[in-house]
Amino acid sequence: MSIRHGLLALLERGPRYGSQLRTEFESRTGSTWPLNVGQVYTTLSRLERDGMVAQGGEDAAGHALYAITDSGRTELRTWFGKPVDRTSPARDELAIKLAMAVGAPSVDIRDVIQSQRRHTVKAMQDYTRLKAQALVAVESGGARERDDVAWLLVLEQLIFQTEAEARWLDHCESRLIRLSATAANSGSGADAPAPATAPRAEEAAPAEAPKAADRQGTDASPPVAGAR
Amino acid sequence: MKTWFHSWRAAIRIARRDAWRSKGRSALVLAMIALPILGVSALDLTLRSSELSPAERADRTIGAADARFSDPTYGGVPIFQDPVGDMNTPAKDYGDTAWPSGPTDVSKAIPAGATVLTDTSGSAKLTTAHGLLSTDVRELKAADPVARGIMTLLEGRYPEKNDEVIATSHFLEASGLSIGSTLSARNFDRPYRIVGAYEIPDALKADQVNALPGAFHVPYAKAVAKAGLQPPGATTTYLVRKSGGFTWNMVKEINTKGVVVTSRAVLLDPPADSEVPLYQKDGWGNFESSAAGNAAELAALGTVVGLAMLEICLLAGPAFAVGARRSRRQLGLVGANGGARSHIRAIVLSGGLVIGVAAAVTGTVLALILTLALQPVLEETMGQRFGAFDVRPLELLGIALLAVLTGLLAAIVPAVTASRQTVLASLTGRRGIRRSSRVLPLIGLTAVLIGGAIALFGSMVSEQFIVVAGGSAIAELGVVAMTPALVGLFGRTGRWLPLSPRLALRDAVRNRGRTAPAVAAVLAAVAGTVAVSTYMASTEAQYEAEYEARLPYGAVSAFVMEEGGRDVPAVREALQRHFPVDVRADVERVSVGKPGCEPWSSEAGCGRYEVVIPPGNECPLYVSVPGGGDPSEKFTPEQRRKLLTDDWRCNETGSNGVIYVDGGLMVGDAKLLEVLGIKDAGAEKALAEGKIVSFSRTQIDKNGAIGIRQITDVAAADKASEEGRPAPGKVSSIPAYRVPGDPKTYGLQALMTPATAKAAGLSTVPLGAYASTDRMPESEARQKLDGEFNKLGSNVEFHLEEGFVNENSIILLALAIFAGLVTIGAAGIATGLAQADAEADLKTLAAVGAPPRVRRTLSGFQCGVVAAMGVVLGSAAGLLPAMGLRLTDERERIRYHEQSVAEGWSTDLTPPDLPIVIPWETLAGLLVAVPLGAALLAALVTRSRGALARREAT
Amino acid sequence: MSAQQPVLQLQNLTRVHGAGATEVHALRGIDLAVYPGELVAVMGPSGSGKSTLLTIAGGLDTPTSGRVIVEDTDITAASVKELAALRRRSIGYVFQDYNLIPALTAAENVALPRELDGTSARKARVEALKALEEMGLGHLADRFPDEMSGGQQQRVAIARALVGDRRLVLADEPTGALDSETGESVLALLRSRCDAGAAGVLVTHEPRFAAWADRVVFLRDGAIVDQTVRSEADSLLSGQVAEA
């Protein structure tokens with residue numbers, strides 16, 4: 001996702017001014033990619049430099065309005081037609097963390113994974129709740145329907161991404177457990193830690209939750225920032 | 001109660017829709033149950049309709065009259081009769097003294113003021129388009145309102161003049177005559193014209209001609225007598241109409257005048273047995289109401305119905321088991337939604353109920369339609385018109401209930417099995433192998449032991465057929481109950497078999513729930529068949545051993561006794577013409593009195609002859625004692641036995657044959673000896689010399705002659721014989737030649753030529769002919785000869801010696817086919833069941849690269865395995881009771897034989913030996929051909945490629 | 001909310017399959033309570049004991065030790081017959097597929113537990129129609145299962161699970177045979193029924209569907225290792241927005 005193309009898409013519906021663009025962008029993406037006005041104007045000036053937008057008058061309140069140019073429309077078409085590049089995945093703290101946890105003597109990798117999983121699922125629960133509300137809104141119809149649908153899509157993208165993470169965690173767990181079991185084979189049996197971890201994880205859960213939520217919030221932004 | 005009803009309603013709804021969804025299987029089961037119901041209902045309807053109400057019966061026997069008076073020919077002495085008028089006897093007991101005899105004057109018994117219609121009938125030989133037909137001629141004024149109901153006019157009109165007659169439609173058909181033809185009788189030149197056709201509702205197949213009273217019999221008798229022949233007798237009864245009718249008391253009153261009365265009032269309202277004097281007499285009880293007989297009949301009927309139901313249940317049971325298995329997930333869902341075991345049972349049982357009810361309705365309705373539609377055909381077959389079309393709702397309901405019961409019973413085992421499964425197992429579709437019940441085989445074993453013991457006791461100790469049969473039946477049921485356990489034993493043999501048969505056998509053994517009922521069905525059918533076949537084959541073998549040829553093989557004999565042998569030339573000629581005759585020996589018989597007399601006739605002017613046994617030659621056991629009495633009572637059993645064994649006077653066996661004349665005396669020539677295969681040069685010479693050739697030592701007196709007594713006064717002779725005196729009559733003594741040795745004579749004891757007879761003052765009449773044939777005459781020739789004889793109108797005593805003819809082979813074949821069909825049916829059902837289960841296995845097999853034909857061979861083997869197991873077990877189970885029964889029979893025969901030897905009744909000293917013959921052909925057919933056929937059939941009808949993956953839930 | 005009496009309580013539940021060498025501990029000391037209005041999802045890898053937990057909770061299987069209490073009734077002590085009655089009156093099941101009896105229409109399927117319980121056919125049908133109507137499935141009432149889509153069948157199954165006085169739904173992978181969107185509609189219905197006061201236990205291996213639950217319980221090797229708590233508000237997103 002790029003802010004540049006997002007703004008172009010908004011401008012295609014008609015001339016808009018900077019802060020208006022920011023509000024619309026956030027409402028469309030459900031505040032999952034927060035923008036600051038500075039970012040909006042920087043991007044707009046770059047677009048103007050590339051000849052994709054042009055300043056065109058002011059509205060009644062005196063805001064400077066931007067409009068999309070023909071080359072801007074062409075660029076927008078090309079963007080919609082091009083798949084998103086997946087060749088250079090973003091570096092993920094979680095992957096690094098898990099990779100470091102393998103073989104670390106003082107860490108039970110199961111606990112690491114489980115606390116992450118709890119967090120992930122919790123996030124999904126929240127998204128799903130919002131989605132349920134959005135579904136109700138979409139189905140009841142109304143003036144904001146178009147925006148609701150967009151919001152719904154954004155939520156679902158988040159849900160599926162989170163689900164992918166949850167599944168990846170499941171996979172990691174069984175894979176890592178098997179590996180660590182082979183590693184620890186000479187020492188204690190692989191089964192031994194399993195019962196012991198259960199209660200501990202449960203106790204730990206409430207305390208960890210907020211912290212994890214924070215991280216989730218910051219984790220979510222890098223793709224936005226790094227889009228350009 | 002209410003709750004119960006509501007949950008059953010839900011169960012029935014599911015069962016009904018399920019039955020509809022699997023139409024093929026439902027239709028199969030429905031047909032299996034409905035067919036017997038259809039048969040039984042139709043039988044009930046037919047029997048009930050043909051069973052007449054007393055009023056209908058009265059209409060048919062006495063028309064519109066109030067009573068029929070008839071003459072029991074006791075000379076007018078008081079009599080007793082039964083209410084219907086079928087049985088009667090003089091009121092007094094005459095014991096050994098002469099019974100009263102002679103006609104009664106019925107008219108004296110008819111009350112004054114009554115309307116009377118005479119009904120006379122007697123037989124006459126009528127000329128037909130084909131020849132002669134001995135027919136009943138009835139003189140009854142059929143047009144009279146009193147006679148209405150006795151006969152039904154079909155076409156034309158009633159006779160109005162003395163030369164007009166009407167005839168039954170059967171007579172017209174048989175005689176080739178039609179309305180408008182003329183009819184005449186032999187020896188009687190008056191022609192009659194047929195003016196109408198009628199039928200007798202109770203006897204559609206009767207040949208009868210109806211004439212006006214006095215129009216036929218009197219002139220006919222005169223004409224016959226004029227021709228020198230015995231006139232046929234005609235009997236007259238009287239239809240009487242009197243206001244008020246005849247009560248039982250009046251009937252008893254009239255009985256005192258020696259007249260039998262069939263009264264409408266009595267028929268409609270019969271008196272109690274205690275009011276019938278006849279029933280109080282010794283030996284004249286009312287047999288119809290014998291309670292023991294009824295009970296025995298009911299027990300037999302119950303057994304047959306029960307066994308039929310068991311067989312149907314065994315056949316239909318697997319079908320319900322497939323249903324329950326196919327819808328296992330559905331039953332699991334019901335369980336998950338709170339269906340208790342009773343609900344699951346209810347659903348599967350409802351399947352039986354639904355099919356049972358459908359079968360009951362279908363069977364009953366079809367029976368009604370069929371019986372109504374086929375009424376004319378049925379009436380023709382039974383030879384009797386129905387009364388009213390009699391529908392007994394209660395009886396039909398009872399029969400229909402049997403169908404419902406059968407359906408329910410068939411579904412019981414699947415229902416219990418289905419309800420025992422845990423909900424979880426049903427839902428997950430795990431193919432659990434249920435441990436089969438341990439109780440059932442134990443019960444079975446107990447039944448086998450007890451039944452076997454009873455049967456063993458029966459065949460070793462008692463002679464009671466029923467004991468053996470009952471014991472065997474119990475044992476048989478026990479074997480059926482043991483089937484699951486027995487099937488298990490077969491499993492061990494499978495290890496060395498190739499893939500398909502091994503899979504089939506394992507599958508059959510592991511899924512006993514569905515295999516066992518099918519095997520049991522086959523077992524029951526085969527056991528029954530083998531038992532009956534073995535019994536019949538053994539009986540057959542015994543009959544064959546006991547068979548005595550009445551003539552040399554291929555020889556024929558034909559005799560005519562009537563009318564002084566008038567038709568004998570025609571018979572001889574016909575024989576010569578149609579049969580490949582080699583040597584024909586014409587024979588005559590000695591006759592005493594008028595030439596038209598039949599042997600042993602007691603008509604006036606007729607006499608008889610007898611071959612005199614010289615007093616010293618009589619067996620002391622049978623000698624006539626002056627004053628009467630049993631001569632053998634003087635001897636002890638040992639003495640009797642000794643006499644029978646050692647005394648030549650007593651142990652002359654006198655071989656069996658077709659001799660209808662006294663003393664085995666034939667008049668003929670040496671050709672007869674040739675036909676009978678007796679070679680003795682001396683005999684031919686003796687015949688030529690005018691001697692009588694004798695094969696019996698007892699007939700020859702001290703002077704070497706045989707005496708033939710001509711008895712002209714029959715009554716005097718009878719009296720003399722009663723008193724143990726020799727009969728009066730002239731005795732002609734003819735020198736005899738006794739044939740040495742003991743050749744087989746087929747009943748011939750003495751032979752002389754006609755010339756010898758004449759010389760001895762004996763008159764002879766033609767009797768018939770013996771003939772030897774070149775080859776066994778074909779069936780066609782026999783039919784032609786029969787036709788010729790029929791056209792003669794005389795009774796021809798005909799015998800063709802064909803040796804022993806096996807009469808039961810058709811029954812054996814039919815039984816074998818029945819058992820085969822049941823086997824294939826049951827095995828087929830079990831295979832269908834196995835297929836439904838094996839779909840997953842087959843897919844796996846196909847996935848590992850098994851060729852498509854594995855599917856075929858597997859189903860073939862599955863079918864074959866079931867058939868083979870059933871047939872093997874059934875054959876074993878069937879042979880034993882048959883042997884038991886035979887042993888019982890033998891024991892009974894031996895006891896009887898010992899008794900008869902001891903009492904001096906029998907001269908046959910070889911103790912009976914009842915062979916036990918195993919019908920190898922039937923057995924081989926059942927053991928080899930049937931399983932093979934079943935397997936091939938199953939393989940043929942199975943598609944090589946499986947149907948698309950079936951959804952498990954549907 | 002938790003002040004209310006739980007609809008389902010599992011106390012120290014263990015289940016051992018087999019014995020000796022083949023002994024398998026399917027469940028080890030499970031404690032769980034499900035309250036009215038709550039939808040609890042049970043997650044875990046294959047063999048973690050999810051389905052066993054559900055079958056024991058519904059009385060289709062019996063625990064080796066521990067107690068199962070449904071609406072104040074200890075079902076571990078109940079007879080087979082009582083269990084069946086309990087399933088008619090208190091517990092509704094929804095399985096992965098083929099939930100409906102093919103021989104019965106949707107309405108009859110829903111009415112089945114009531115009819116088995118002895119309610120008259122007419123009354124049961126009225127109740128069934130009401131249940132279907134409430135879930136927006138009234139138009140399906142007279143269709144047979146093979147005339148319905150998989151999603152419709154599952155929704156009818158939920159209607160059946162909650163007909164009459166029943167307010168405990170045990171759903172075992174109810175979306176397993178459905179595509180993502182249809183599965184979601186089924187879960188949305190389940191969610192709305194729980195919001196309306198029913199209690200639900202959902203076994204699934206798809207986090208996406210588990211996310212519809214109020215609480216997700218993680219099962220591993222027959223024991224509950226963790227669970228999410230019910231969040232009081234839309235904390236996550238509101239927090240983010242505020243921060244931005």
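Here, every reference points to the structure presented above.
Attention here is on the structure that accompanies the text. From a predicted model like this one, the values you see are computed outputs, not experimental measurements. Along each chain, numbering runs from 1 in the same order as the chain's sequence is written. For naming, the first written chain is A and the first written ligand is 1, with later ones following in the order written. Residues qualify for local features only when their pLDDT is at least 70, as the model is predicted, and side-chain atom pairs are given and counted only at 80 or more; totals for whole chains, interfaces and linings, by contrast, use all residues.

## So, the overall build of chain B
For step 1, the next point in the chain: In this text, helices come from DSSP runs of H or I with a minimum length of four residues, and strands from runs of E with a minimum of two, each type numbered from the N-terminal end. The helix and strand inventory of chain B stands at 28 helices and 22 strands.
For step 2, the next point in the chain: Our exposure labels follow a C-beta count within 10 Å of each residue's own C-beta, placed from the backbone: buried means 20 or more other C-beta atoms, exposed means 12 or fewer, and partly exposed covers the counts in between. Taken across its 954 residues, chain B has 42% of its residues classed as buried.
For step 3, the next point in the chain: If you take every contact in chain B between residues at least 6 apart in sequence, the share linking residues at least 24 apart comes to 82%. Each residue gets a C-beta atom placed from its backbone, and two residues are in contact if those atoms lie within 7 Å.

## Notes on the interface of chain B and chain C
Many authors give the size of an interface as the accessible area that is lost as the parts come together.
For step 1, the next point in the chain: Facing the 26 residues of chain B at the interface are 27 residues of chain C.
For step 2, the next point in the chain: Elements with a minimum of two residues in the side of chain B that touches chain C: α1 (2-21), α10 (328-336), α11 (341-373) and α14 (423-428) of chain B.
For step 3, the next point in the chain: Here the element with the most residues in the side of chain B that touches chain C is α1(B); it accounts for ten residues.

## What to know about helix α6 (residues 180-195) of chain C
For step 1, the next point in the chain: Between the first and last residue of a helix there are one fewer steps than residues, each counted as 1.5 Å, and that sum is the expected span. In a regular helix each residue adds 1.5 Å, so 16 residues correspond to 22 Å; α6(C) covers 22 Å between its end C-alpha atoms and thus fits that length.
For step 2, the next point in the chain: Three or more residues of α6(C) are buried, namely Gly183(C), Glu184(C), Val186(C), Leu187(C), Leu190(C), Arg191(C), Arg193(C) and Cys194(C).
For step 3, the next point in the chain: Looking at the packing, one finds that the buried side of α6(C) touches α6 (109-140) of chain A together with β3 (39-43), α5 (150-161), β7 (168-172), β8 (199-203) and α7 (207-210) of chain C.
For step 4, the next point in the chain: Following α6(C) by one or two positions, Gly197(C) adopts a phi angle in the positive range, close to 120 degrees.

## Observations regarding the pairing of strand β4 (residues 115-127) of chain B
Residue and element names in this part refer to chain B.
For step 1, the next point in the chain: The pairing of β4 with strand β11 (residues 234-241) spans eight bridges and is antiparallel. By the bridge assignment, serine 121 is partnered in β11 with threonine 235.
For step 2, the next point in the chain: When DSSP locates at least two bridges between a pair of strands, those strands are taken to pair. Direction of pairing for β4 relative to strand β5 (residues 132-140): antiparallel, over a ladder of nine bridges. When the sheet's bridge partners are listed, leucine 126 is paired in β5 with leucine 133.
For step 3, the next point in the chain: Counted along the chain from β4 to the antiparallel partner β5, the turn is four residues long.

## Looking at the sheet that holds strand β9 (residues 215-220) of chain C
Residue and element names in this part refer to chain C.
For step 1, the next point in the chain: Spatial ordering of the open sheet is given by β6-β7-β8-β3-β9-β10, a layout of six strands whose pairing is mixed. Either end of the sheet is taken by a strand with one partner, and the two such strands are β6 (91-94) and β10 (223-227). Pairwise comparison of adjacent strand axes, ignoring direction, gives a mean angle of 20 degrees for this sheet.
For step 2, the next point in the chain: Relative to β8, β3 runs parallel, the two being bridged by four bridges. Paired with valine 42 across the bridge in β8 is valine 203. Lines fitted to the C-alpha atoms define the axes, with helices restricted to the stretch that makes contact. Angles between their N-to-C directions range from 0 to 180 degrees.

The quantities given are spatial measurements derived from coordinates; they are silent on function.
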